[in-house]
Amino acid sequence: MNPVAIITKKRDGGALLPEEIAAFIEGFVRSDVADYQMSALAMAIYFRGMDAAERSALIEAMLDSGSRLEWPDGFGTRVDKHSTGGVGDKISLPLAPMLACCGLKVPMISGRGLGTTGGTLDKLESIPGLRTNLSTGEIYDVVDRVGCVITGATADLVPADRKLYALRDVTGTVSSIPLICASIMSKKLAENLDALVLDVKWGSGALMKKQHDARELANAMVEIGTTMGVHTTALLTDMNQPHGVAAGHVVEVEEALEVLRGEGPEDVVELCLALGAELLVSTGLEKSHSIAADRLRGLLESGRPLEKFREMVIAQGGDLDSLPPHAPSTLMAARHGGYVSAIDTEQLGSTLIEMGGGRKKLRDKIDHSVGLAMLIRLGDRIERGQPMARIFAPPEKTETSMKMLADAITISTEPTSAPPLIVERIGMPCASAPDAADRPSPAESPLDREPPIDR
């Protein structure tokens, strides 16, 4: 295997053979292929893309780079959710314990921040003592005892993705559909799941800026999951503004706790209910999305998911009662009145990185105390001098952060409105799915509708 020849072939637009992809990934994991060569291939894939056969071969090669989770007979129904990421996306934190309270097993293998999108593991690590590097045996134990776990991939679970994921973050290759698809689906298929729901985001703060690109990614991943026998569905969701109020690390953990108390921002709750309902229907626990959502809302009001989350945190070594303080806060006021017509959500993510809440280089340390509290939403009418955001940042970074944040918000004189939060649902029949009679008809769910016109 000649790495340079494979890089050159893809650079020039050629389709790679399965054996070429397998050999390259195997060499990368063994360190026979250097990081700079993997980075070069990732950039070639970014520009040239991959066809369906290449994508499948890449996922198989990444899966074969390590072991997979093996569950004993009768262990229970395993489910998971994955988001393509955004700003303020803390959905995994409340959703995992909500699903565990329904009797499902949730072995959630998550990742770190990627580009300007926040990472679930980085957020969780703002909880003192909490470990996200559990061994395979510890994953089995926590899922068995608690019902859910949120951790990183083990050293032997898809090691190719762990190495490539870190390189993509610092080489400008984050938004490649083949690489996103391979990263997500290799990890999720390695979990040996019964059902999976994907939250595929589009908009200014998403990897996919256009809705049609998000749809292409969602269709590819749903097809792969379904072909592999995992009941897979996807929701296309809006990321033209942050989810909820909080964006950062400890501030997002605190907001997730609000949701688990039966409170929290309406959009975060809505996404938790919609994604959770997909899995309850996929596994046959409920017959319609509306009934499933009602069941989950009742759980939040009961407080049981909050106790389940605390149980998971303790099992992973964390102390939920000792969250670190925020960085010093400063209010940012509107320079003039009008309507909030646009939010450059990617710029908000860049602001968080500039404050220390993300990585510019591979080994940068995260400052969990920094963050944003967004006090406006798209379409809001605001007055001059009205607070638009609260910034939590070290004093020496406040001025730059304020300017970056102000530049990210567009105020117009004409009224405007926000796109819908959930714009489309994607799914297809699966051999392992509940019988058709047990699945909801399109009339039973507002998510089962014709795709809207792209914005």
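Preceding this section is the structure that the text describes.
Rules used throughout
- Residues numbered from 1 in each chain as written.
- Predicted model: local features only at pLDDT ≥ 70, side-chain atom pairs only at ≥ 80, totals over all residues.
- Heavy atoms only, no water.
- Pairing = 2+ DSSP bridges.
- Helix = DSSP H or I, 4+ residues; strand = E, 2+ residues; numbered from the N terminus.
- Axes fitted to C-alpha atoms, helices over the stretch in contact; angles between N-to-C directions.
- Patch = residues over 30% accessible without salt bridge, like charges linked within 9 Å, V, L, I, M, F, W, Y side chains within 5 Å.
- Areas by Shrake-Rupley, 256 points an atom, 1.4 Å probe, with all protein chains shown as cover.
- Salt bridge = Lys/Arg side-chain N within 4 Å of Asp/Glu carboxyl O.
- Buried < 20%, exposed > 50% of the residue type's maximum accessible area, 1.4 Å probe, protein only.
- Polar contact = N/O pair within 3.5 Å; in protein donor to acceptor, adjacent residues only side chain to side chain.
- Contact = heavy atoms within 4.5 Å.
- Core = buried A, V, L, I, M, F, W, Y, C linked by side-chain atoms within 4.5 Å.
- Expected span 1.5 Å × (residues − 1).

**Student:** How should I be thinking about the sheet that holds strand 1 (residues 79-83) in this particular structure?
**Tutor:** Backbone-to-backbone hydrogen bonds join strands into a sheet, with any given pair of strands oriented parallel or antiparallel. Across the sheet, four strands lie side by side as 1-4-5-13; this open sheet has mixed pairing. Strand pairing shows two members of the sheet lacking a second neighbour, strand 1 and strand 13 (422-427), which therefore form its edges. Strand after strand, the sheet turns through a mean of 15° between neighbouring axes, direction not considered. Of the strand pairs in this sheet, strand 4 (residues 195-202) and strand 5 (residues 231-238) are connected by eight bridges, and their pairing is parallel.

**Student:** I keep staring at a nonpolar patch on the surface and nothing clicks. Help me out?
**Tutor:** Taken together, the side chains of Val245, Leu331 and Leu375 present a nonpolar region at the surface, about 220 Å² in accessible area. In this fold, Leu331 is placed in strand 7 (residues 329-333).

**Student:** How should I be thinking about the environment of Lys209 in this particular structure?
**Tutor:** Residue position: Lys209 is located in the loop between strand 4 and helix 10 (211-227). For Lys209, a relative accessible area of 35% translates into the label partly exposed. Along the chain, Lys209 and Glu346 lie 137 residues apart, while their C-alpha atoms are 9.9 Å from each other. Side-chain polar atoms of Lys209 contact the backbone oxygen of Ala206, separated by 2.9 Å. A distance of 3.4 Å separates polar atoms of two side chains, one belonging to Lys209 and the other to Glu346.

**Student:** How do you make sense of the side chain of Ser183 when you look at a structure like this?
**Tutor:** Relative to the elements of secondary structure, Ser183 occurs in helix 9 (residues 177-190). Only 2.6 Å separates the side chain of Ser183 from the side chain of Asp161, close enough to count as a polar contact. Beyond its immediate sequence surroundings of up to four residues, Ser183 is in contact with Met62, Asp161, Tyr165 and Arg168.

**Student:** Got a minute to help me understand the nonpolar core in this structure?
**Tutor:** Burial of nonpolar side chains together is a common tendency in soluble globular proteins. Met185, Val200 and Phe309 are the most contacted members of the largest nonpolar core, which totals 112 residues. Sort the elements by how many residues they give to this core and helix 12 (residues 266-282) lands first, with eleven residues. Membership of the second largest hydrophobic core comes to 30 residues, among which are Ala327, Leu352, Val370 and Ala406.

**Student:** What is the right way to look at helix 10 in this model?
**Tutor:** One full turn of an α-helix is made of 3.6 residues, so residues set three or four places apart face in the same direction. Compared with an ideal rise of 1.5 Å per residue, which puts 17 residues at 24 Å, helix 10 spans 24 Å between its outermost C-alpha atoms and is within 8% of the ideal. Considered for burial, the residues of helix 10 that qualify are Gln211, Ala214, Arg215, Leu217, Ala218, Ala220, Met221, Val222, Ile224, Gly225 and Thr226. In the core, the buried residues of helix 10 are packed alongside helix 4 (52-63), helix 9, strand 4, strand 5 and strand 13. Phi turns positive one or two residues past the end of helix 10, at Gly229, with a value near 85°.

**Student:** Could you clarify how one ought to interpret unusual backbone geometry in this entry?
**Tutor:** The phi angle of most residues is negative, glycine excepted, and most peptide bonds adopt the trans form. A positive phi angle is found at Ser31, which is not glycine, with a value near 70°. The exposed category is assigned to Ser31, whose relative accessible area is 52%. Here Val158, not a glycine, exhibits a phi torsion of approximately 45°, which is positive. Here Val158 is to be found in the loop between strand 3 (148-151) and helix 8 (159-171).

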